[in-house]
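# Descriptive analysis of the structure
Spelled out from the first residue to the last, the chains are:
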Amino acid sequence: MKNKTSRTNSMKLKKAIAASLAVFILFAFTGCKTSSGSATTESSKQEDTSTTDSGSSGDLNEKLNDLYQQENQIFADHKDVWDKAFGFMSKNTDDDTMNENYADFLANTIESNKDSFSEEEYATLSKDIETIRGIEEEIAKLEKEIAAADSSGSNSSDTADSTGVFHGFKGKDLDGNDVDESLFAENKVTVVNFWFSGCKPCVEELAKLNELNDTIKKMGGEVVGINTDTLDDNQDGIKEAKEILKAKGASYKNLTFDSDSTVGKYAGNIMAFPTTVLVDKDGNIVGEPFMGGIDDQSNYEQLMKQIQSILDQE
Amino acid sequence: MDKKLKSNKNFLVRFRGWFQAAATLLTNLHIPNLFKGKIYQGKAKTICVPGLNCYSCPAATGACPIGAFQAVVGSSKFKFTYYITGFFILLGVLLGRFICGFLCPFGWFQDLLHKIPGKKLSTAKLKPLRYLKYAVLVVFVILLPAFVTNSLGMGDPFFCKYICPQGVLEGAIPLAFVNSGIRAALGHLFTFKFTILVLVIILSILFYRPFCKWICPLGAIYSLFNKISLLKIKVDPEKCVSCQKCSHACKMDVNVVDTPNHPECIRCGACMKACPTNAICYHYGFSGKKQADNK
């Protein structure tokens, strides 16, 4: 009997311990869950911004659709006449007619089959065609705008809105001297290298970047470094960056700026380091960002080729 | 209580594939990033996930503990990471290699590959290779990153850089697929690691979990905790009829009756399914005196 109670007691103890541990684990996982929850909101935030970025072209597309609907409505309103008109069309479509303005194309078809329509019908059609001509003009304009928006964003979405991130640049070099976008204007091409102090491949290529700076200085170019640990005038970060630059014998300019600025946000979104971009004298990023260290000879040659092509355009 | 554990065990074991799928999804929440060729860099990335899951996977929720460990050990500012070591000890004590069997995305990947029908080979004769993973842990995760450094004291994450097939599968391939900049940066190292991945895939079809058994440093760490972990496998000696069905069912080559908490056991529960008398079950909590391997 006594034995039995002690056994149940130990069972109870075990149960209590097991239960408390279960609760503990639950908490451990809840901790993870909340953080991953915040993660999701953050990512959805990112998505939000990307949708607003593409929002303008979305609007354009909507307008375009609206215009197409208007045209279709016109055809629907005078269905009988238009169906009759369309009857003449299918036979005489060739490449030339497909290329001309749609309103002209309609007008020509009606004109050449004028005899088949009553006067009243002809009047309706002509009036409709004029309306359509107006709509077509708008459509052409919209299509142009959309094409322009697309071509600027043709590569990847983030390079699209980032070509101009250096416009209106304001910052300092690591010695505290002010630097603005005139830096880019003074050079035919500026090689901007993004790095951070804890990144081994970045640190390894600093010497080579210094060499590159010496080489392209003669051709009217310049290498500029941006260490993401030094942003917002972070003195500790600047001190460390300076030590690394000194140890690697890199004497070219390194910049610090506000992490809230456009270029600061651009730097914050870079996910592979080192990343190097080429900036023309108008402060526009040219071509795709270049990833990987240029201490690798083939990477160096590739970057050199890009630099050369910008210099040749001058 | 026995009954409760039994139903509990059945539930876990029966739905192990679903647990693995759910764990993989939770470890990789940012699915849209896969199509954008970006990686999530928010605050949750400072937290480690339990399984081997590359930080550079565009969808990854958190950091890979093995990757994070190397990053800290290899940095010039720090010599040792108390945070991640503590994380290993906590998870090791709470779950042990249950993580390998239920939570690790790469473990699940190998499980799925092994389901591909074809000739299956036993790894029973290759047991010495098990010790390779401890060598990988000590050499590639700890020693090389800590001591092979440049003039500024910076080391490389050697395991991630030269071995890890999960990094290629989750990081390099999806990123290079969508992101042209990354694609342009691929070189010999990618070819080398891609070969490792292909090799692991082929071996995974032939053998059961070759990477877990022989290479994985994360499994090596968790395996050290299997014997003392709160989650254990218990064999009831009164119910056991010594048929040895469990040991034959075990794909990790463990002798279940003698060593139910062997370092190689990934708690998959294949032995429980095989046991004709329901003598094997999970046990959570401090071990009782009845524990078979404590005798």
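Here the structure is a predicted model, which means the values were calculated and not measured.

Attention now moves to the overall build of chain B. Helix and strand content of chain B: 16 helices and 2 strands. When burial is assessed residue by residue, chain B has 48% of its 295 residues classed as buried. Within chain B, residue pairs in contact and separated by at least 24 positions form 73% of the contacts whose partners lie at least 6 positions apart.

With that out of the way, let us pick up the overall build of chain A. A tally of regular secondary structure across chain A gives 12 helices and 7 strands. Put simply, 74% of the contacts in chain A that link residues at least 6 apart link residues at least 24 apart.

Residue and element names in this part refer to chain A. The strand order across the open sheet formed by 7 strands is β2-β1-β5-β4-β3-β6-β7, and the pairing between neighbours is mixed. Two strands bound the open sheet, and with one partner strand each, they are β2 (178–180) and β7 (285–291). The average angle at which neighbouring strand axes cross in this sheet is 30°, direction not considered. As paired elements, strand β1 (residues 170–173) and strand β5 (residues 253–256) share 2 bridges and run antiparallel to each other. When the sheet's bridge partners are listed, Lys-172 is paired in β5 with Thr-256. Against the sheet, helix α9 (residues 206–217) engages β3 (189–195) and β4 (221–227), with an angle of about 150° to β4.

What follows deals with unusual backbone geometry. Of note, the bond from Phe-273 of chain A into Pro-274 of chain A is cis; its omega dihedral lies within 30 degrees of zero at -5°. Residue position: Pro-274 of chain A is located in the loop between α11 (262–269) and β6 (275–280). Unlike most non-glycine residues, Asn-278 of chain B shows phi in positive territory, near 55°. By the secondary structure assignment, Asn-278 of chain B is in the loop between α16 (270–274) and β2 (280–284). The exposure class assigned to Asn-278 of chain B is partly exposed, which follows from the 13 C-beta atoms found within 10 Å.

Here the focus is the packing of helix α7 (residues 105–114) of chain B against helix α12 (residues 188–206) of chain B. Helix-helix packing: each pair is described by the crossing angle between the helix axes and the interaxial distance. Residues and elements named next belong to chain B. Axis separation between α7 and α12 bottoms out at 7 Å; the angle between their running directions is 55°. The angle between α7 and α12 falls in the class oblique. Crossing of α7 over α12 shows right-handed handedness. Facing α7, whose interface residues are Gln-110, Leu-113 and His-114, α12 presents Ile-201, Ser-204 and Ile-205. Among the residues making up the contact of α7 with α12, the classes are represented as 3 nonpolar, 3 polar and no charged.

Residues and elements named next belong to chain B. Most of α7 sits inside the fold, with 7 of its 10 residues counted as buried. The complete set of buried residues in α7 reads Pro-105, Phe-106, Gly-107, Trp-108, Phe-109, Gln-110 and Asp-111. Its buried side turned inward, α7 meets α2 (16–27), α6 (98–103), α10 (165–178), α12 and α13 (210–215).

Below, the discussion takes up the nonpolar core. Ranked by size, the top nonpolar core spans 77 residues in total, and within it Cys-64, Ala-68, Ile-99, Val-256, Cys-271 and Ile-280 of chain B carry the most contacts. Broken down by element, this core gets its largest block of residues, 6 residues, from helix α4 (residues 65–74) of chain B. Mapping this core onto the domain boundaries places at least three of its residues in each of domain 1 (16–224) and domain 2 (234–294) of chain B. Those residues within four positions of Cys-64 of chain B in sequence are excluded, and the remaining contacts are Val-49, Leu-52, Asn-53, Cys-54 and Tyr-55 of chain B. Membership of the second largest hydrophobic core comes to 43 residues, among which are Phe-166, Phe-184, Cys-202 and Ile-307 of chain A.

This part is about the pairing of β7 of chain A. As a general feature of sheets, a regular strand has side chains that alternate between the two faces. Residue and element names in this part refer to chain A. Here 4 bridges tie β6 to β7, and the two strands are oriented antiparallel to one another. Pairing of Thr-275 across the sheet is with Met-291, part of β7. Where β6 folds back onto β7 in an antiparallel hairpin, the turn is made up of 4 residues, including Gly-283, whose phi is positive at roughly 85°.

Residues and elements named next belong to chain B. In the contact formed by α4 and helix α5 (residues 82–94), the axes pass within 9 Å of each other and the chain directions differ by 150°. Considering the angle they form, α4 stands roughly antiparallel to α5. Along this stretch, α4 crosses α5, giving a crossing that reads as left-handed. Taken together, the residues of α5 that come into contact with α4 (itself represented by Pro-65, Ala-68, Phe-69 and Val-72) are Ile-84, Phe-87 and Phe-88. Looking at the contact of α4 with α5 residue by residue, the class counts come to 7 nonpolar, no polar and no charged.

Here the focus is the confidence of the model for chain B. Residues and elements named next belong to chain B. Taken residue by residue, chain B gives an average pLDDT of 87. The fraction at 70 or more is 94%. At the level of individual helices and strands, chain B shows its lowest average pLDDT in helix α1 (residues 2–14), which scores 63, and its highest in helix α14 (residues 217–224), which scores 95. ipTM for the predicted complex: 0.75, alongside a pTM of 0.68.

Once that is clear, we can look at α9 of chain A. All names here are of chain A. For α9, which comprises 12 residues, the first-to-last C-alpha distance of 16 Å matches the rise-based estimate of 16 Å (1.5 Å per residue) to within 8%. Here α9 has its buried residues at Leu-206, Leu-209, Leu-212, Asn-213 and Ile-216. Considered in projection along α9, the buried side chains sweep an arc of 105° and stay on one side of the axis. Along its buried surface, α9 packs onto β3, α8 (200–204), β4, α10 (235–247) and α12 (297–313).

Residues and elements named next belong to chain B. Counting buried positions over the 5 residues of strand β1 (residues 231–235) gives 5, a clear majority of the element. Residue alternation in β1 divides its side chains into two sets, Leu-231, Ile-233 and Val-235 and Lys-232 and Lys-234, and both sets are buried. Bridge count between β1 and β2: 5 bridges; the pairing is antiparallel. Opposite Lys-232, over in β2, you have His-283 as the bridge partner.

Below, the discussion takes up the confidence of the model for chain A. In the predicted model, chain A carries a mean pLDDT of 75, and the fraction of residues at 70 or more is 74%. Predicted confidence is poor over residues 153–160 of chain A, with pLDDT under 50, and the contacts of this stretch with residues over four places away or in other chains come to 9 contacts.

Right, let's talk about the environment of Phe-207 of chain B for a bit. Residue and element names in this part refer to chain B. Among the secondary structure elements, Phe-207 is positioned in the loop between α12 and α13. For Phe-207, a count of 20 C-beta atoms within 10 Å corresponds to the buried category. For Phe-207 and Thr-123, which are 84 residues apart along the polypeptide, the C-alpha to C-alpha distance reads 6.7 Å. Other than its neighbours up to four places away in sequence, Phe-207 contacts Leu-121 and Thr-123.

By the element assignment, Leu-25 of chain B lies in helix α2. For the pair Leu-25 of chain B and Thr-61 of chain B, spaced 36 residues apart in sequence, the C-alpha separation works out to 9.2 Å.

Rules used throughout
Residues numbered from 1 in each chain as written. Chains lettered and ligands numbered in written order. Predicted model: local features only at pLDDT ≥ 70, side-chain atom pairs only at ≥ 80, totals over all residues. Helix = DSSP H or I, 4+ residues; strand = E, 2+ residues; numbered from the N terminus. Buried ≥ 20, exposed ≤ 12 C-beta atoms within 10 Å, placed from the backbone. Contact = placed C-beta atoms within 7 Å. Pairing = 2+ DSSP bridges. Axes fitted to C-alpha atoms, helices over the stretch in contact; angles between N-to-C directions. Parallel < 35°, antiparallel > 145°, perpendicular 65-115°, else oblique. Left-handed = near helix turned anticlockwise from the far one by under 90°. Nonpolar A, V, L, I, M, F, W, Y, C, P; charged D, E, K, R; others polar. Core = buried A, V, L, I, M, F, W, Y, C linked by C-beta atoms within 7 Å. Domains from an automatic or database assignment. pLDDT = per-residue confidence, 0-100. Expected span 1.5 Å × (residues − 1). Arc of directions from axis to C-beta.

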